[in-house]
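An overview of the molecular structure
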Amino acid sequence: MWQNIEAAPADSILGLTEAFRNDPSPDKVNLGVGVYKDDAGRTPILQCVKAAEKILLERESTKSYLPISGDPTYAACVQQLIFGEGSEVLANKRAATVHAPGGTGALRVGADLLKKFLPDARVWLSGPTWANHKGVFTTAGFPLGQYAYYDPANKAVDFAGMARDLQAVPAGDIVLLHACCHNPSGVDLDNDQWRQVVAIAREKGWLPFLDFAYQGFGAGVDEDRYAVAQFAESGLDYFIASSFSKNFGLYNERTGALTIVSPDAAQAAVALSHLKTVVRVIYSNPPAHGGLVAATILSDPDLRRQWLAELAGMRERIVAMRTALVEGLNARGVAGDFSYITRQRGMFSFSGLSDATVAWLRQNKHIYVVGGGRINLAGLTSKNIDYVCDSIAEALRS
């Protein structure tokens, strides 16, 4: 069957990780993959997760299927986290949530549902965006458009261009927005800009779809939900794909959720009924363990406090690595102002490194960076930061 078919190209990020694993160099550094690493270069299991798993091991009495939409406690915990416990959305039951296999699964469930009811819509993505956004929505059958987002000259959001493009999006189309910690740029909208985006959505009638994969990795759990809250106040229909991969470290448990917000409870119930039909034909029922871990932590006051402290530690380590990188390059006399890296948020940064520099670093220093210069700051550690700074300085002088 496959003898006359060419192999598919490797994923731009996961393929880079495979190349890194096959590299025998003891000096190799992976700044590409979007996974949190601690200062020892490991993706840790949080202590609150270990504690929750111990509770589940003692309490669990069955391995039977979860409901199609997932465990009800999990859905309630997801909603409290993304909206805030005092949110009007919760009080009026305007949200419908299904447990999805990761943030990617949530995006795909949302895409399939939207294709059913908005078959002629176009999906608009930021320029740039996470590469897999394109794959998810084109595979669901949507044509794509792009709105301006990142200004490489100023290392900031091109908000004038973004507002202009969003004003031109037709009613009934879908706009994918990064709620915080924009991937790949690390550059976020400020609160005033978010209010303007919500106003444009109301005026023009397009449907917002928020990718909320990094709550807590920006400024904090409460601060990072600002966009979600602003859309909630607008009364608009909108979608939210959220994930516990990063902020709980539950990467291999594939723990995510899709939440649809409607103007009232009756419409939310209708949305949930159709969500279930989509889930049923994709994976029938969600995997249980990761969702039960997250729900156990979020519903236990002590474990929740422990989680918030561990999450703050991850966030602060990334901020420290941003500062160390900028100071390291400055100390080596590298030309240019790299302070913009400290103003970015989340794990990622558009470093400003050219594709030629990225290729040189890989070939000569075994430092792996995604094309376009996006780096994962969590790949930096106290042991490799000097080597990385020395290597970048050498690359930019060569």
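This report concerns the structure included in the present document. (Residues numbered from 1 in each chain as written. Predicted model: local features only at pLDDT ≥ 70, side-chain atom pairs only at ≥ 80, totals over all residues. Heavy atoms only, no water.)

Description of the overall build of the chain
The secondary structure content of the chain amounts to 15 helices and 13 strands. A globule of 398 residues ought to have a C-alpha radius of gyration of about 21 Å, and the chain, at 21 Å, matches this closely. Each of the 398 residues in the chain was classed as buried or not, and the buried ones make up 55%. Put simply, of all contacts in the chain between residues at least 6 apart along the chain, 75% involve residues at least 24 apart. Just so you have it, the chain exposes about 17,500 Å², and 52% of that area is on carbon and sulfur atoms. Across the chain, the mean location of the 38 positive side-chain charges is 3 Å away from that of the 41 negative side-chain charges. (Helix = DSSP H or I, 4+ residues; strand = E, 2+ residues; numbered from the N terminus. Rg over C-alpha atoms; globule rule 2.2 N^0.38 Å. Buried < 20%, exposed > 50% of the residue type's maximum accessible area, 1.4 Å probe, protein only. Contact = heavy atoms within 4.5 Å. Areas by Shrake-Rupley, 256 points an atom, 1.4 Å probe, with all protein chains shown as cover. Lys, Arg positive; Asp, Glu negative; His and termini not counted. Charge placed at Lys NZ, Arg CZ, Asp CG, Glu CD.)

Brief notes about the nonpolar core
Judged by nonpolar contacts, the single largest core of 98 residues is most densely connected at Leu177, Val197, Phe231, Trp307 and Leu325. Element by element, the count of residues in this core is highest for helix 12 (residues 301-331), at nine residues. Among residues more than four places away in sequence, those in contact with Leu177 are Tyr147, Met162, Trp194, Val197, Trp206, Pro208, Phe209, Leu210, Asp211 and Phe231. Judged by nonpolar contacts, the second largest core, of 27 residues, contains Ala140, Ile174, Phe239 and Val278. (Core = buried A, V, L, I, M, F, W, Y, C linked by side-chain atoms within 4.5 Å.)

A look at the packing of helix 5 (residues 102-117) against helix 6 (residues 131-139)
Taken N-terminus to C-terminus, the directions of helix 5 and helix 6 make an angle of 30°; their axes are 9 Å apart at the nearest point. Helix 5 and helix 6 meet at a crossing whose hand is right-handed. Contacts from Thr104, Leu107, Arg108 and Ala111 of helix 5 reach helix 6 at Asn132, His133, Val136, Phe137 and Thr139. In terms of residue class, the contact of helix 5 with helix 6 is built from four nonpolar, four polar and one charged. (Axes fitted to C-alpha atoms, helices over the stretch in contact; angles between N-to-C directions. Left-handed = near helix turned anticlockwise from the far one by under 90°. Nonpolar A, V, L, I, M, F, W, Y, C, P; charged D, E, K, R; others polar.)

A short note on the packing of aromatic side chains
Applying the stated criterion across every chain yields a total of 13 aromatic pairs. Plain terms: the ring middles of Phe20 and Tyr368 are 5.6 Å apart, the flat faces sit at 85° to each other, and that makes the pair edge-to-face. Note that Phe20 is positioned in helix 1 (residues 14-22) and Tyr368 in strand 12 (residues 367-368), a separation of 348 residues in sequence. Using a relative accessible area of 17% as the deciding quantity, one classes Phe20 as buried. When the centroid spacing of 5.9 Å and the interplanar angle of 90° are considered together, the rings of Tyr214 and Phe348 count as edge-to-face. With a gap of 134 residues between them, Tyr214 in the loop between strand 8 (207-212) and helix 9 (226-234) and Phe348 in strand 11 (residues 348-350) connect regions that are remote in the sequence. Side by side, Tyr214 and Phe348 carry an identical accessibility label, which is buried. Cluster of aromatic residues (ring-pair linked, three or more members): Tyr74, Phe244, Phe248 and Trp307. If you follow Lys155 out to its NZ or CZ, it ends over the ring of Tyr340, 5.2 Å from the centre. (Phe/Tyr/Trp six-rings, centres within 6.5 Å; stacked < 30°, edge-to-face > 60°. Lys NZ or Arg CZ within 6 Å of the ring centre and 35° of its normal.)

Points about the pairing of strand 4 (residues 144-148)
Judged from the five bridges that link them, strand 3 (residues 123-127) and strand 4 form a sheet pairing that is parallel. From the neighbouring strand, Ser126 faces strand 4, where its bridge partner is Tyr147. For the crossover that starts at strand 3, traverses helix 6 and ends in the parallel strand 4, the hand is right-handed. (Pairing = 2+ DSSP bridges. Right-handed = clockwise from strand over helix to strand, strands pointing away.)

Digging into the side chain of Ser349
Within the secondary structure, Ser349 sits in strand 11. Residue classification places Ser349 among the buried positions, given a relative accessible area of 0%. In this structure, Ser349 is in contact with Pro184, Ser185, Arg322, Ile341, Gln344, Gly373, Arg374, Ile375 and Leu377, ignoring residues within four places of it in sequence.

What about the sheet that holds strand 4?
The sheet built from seven strands is open, its strands ordered 2-10-9-8-7-3-4 with mixed pairing. On the outer flanks of this sheet lie strand 2 (95-101) and strand 4, each paired with one strand and no other. Each adjacent strand pair in this sheet contributes to an overall mean axis angle of 25°, direction not counted.

Examining helix 11 (residues 289-298)
Within helix 11, nine of the ten residues are buried, leaving the element largely enclosed by the surrounding structure. Every buried residue belonging to helix 11 is among Gly290, Gly291, Leu292, Val293, Ala294, Ala295, Thr296, Ile297 and Leu298, and all of these are buried. Contacts made by the buried residues of helix 11 are with helix 2 (47-59), helix 3 (72-83), strand 2, strand 10 (255-261) and helix 12.

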